[in-house]
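# Structural overview
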Amino acid sequence: MAVEENKCDVKEQSTKTKKGGWHVAIFIIVMEAAEQFANIGLGTNLILYLTQALNEPVTEAAKNRNTWLGYLTYLVHFKSFHQEKRIKVQIDEHFLLSVENFISL
């Protein structure tokens, strides 16, 4: 009887659900595309607000929008830098990208 209690059912092990793979990759791609659409829409609305409500010249509004976009891009690198620091992984690549992005502002 003791031997029968310790049996392992093979069918139970093979019915595990798959996690990750292309399902997650497609989700990430769709989310990145949605983020880009949101950035384009916010940038357009920012220029319209600066030119119409605040009566800035178009050149100054475009400059402010580009500065905003640069800081937004820099924050993504800072976030990844912070996350990798938290989990104690090498941070050389993201640090270089952050510095290059900051210099380009």
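Residues numbered from 1 in each chain as written. Predicted model: local features only at pLDDT ≥ 70, side-chain atom pairs only at ≥ 80, totals over all residues. Heavy atoms only, no water.

Our next topic: the overall build of the protein. When you go through the protein residue by residue, the secondary structure sums to five helices and zero strands. Element order for the protein, N to C, with α for helix and β for strand: α-α-α-α-α. The proportion of buried residues among the 105 residues of the protein is 11%. Put simply, of all contacts in the protein between residues at least 6 apart along the chain, 36% involve residues at least 24 apart. (Helix = DSSP H or I, 4+ residues; strand = E, 2+ residues; numbered from the N terminus. Buried < 20%, exposed > 50% of the residue type's maximum accessible area, 1.4 Å probe, protein only. Contact = heavy atoms within 4.5 Å.)

Here we come to helix α3 (residues 22-53). In a regular helix each residue adds 1.5 Å, so 32 residues correspond to 46 Å; α3 covers 45 Å between its end C-alpha atoms and thus fits that length. Asn55 sits one or two residues past α3 and shows a positive phi near 55°. (Expected span 1.5 Å × (residues − 1).)

Mapping Asn64 onto the fold places it in helix α4 (residues 58-86). Once the C-alpha coordinates of Asn64 and Leu46 are considered, the two residues, 18 residues apart in sequence, prove to be 8.8 Å apart. In this structure Asn64 touches Leu50 and Glu56, once residues within four positions along its chain are discounted.

The next thing to look at is unusual backbone geometry. Phi is positive for Asn55, which is not a glycine, with a value near 55°. With respect to the helices and strands, Asn55 occurs in the loop between α3 and α4.

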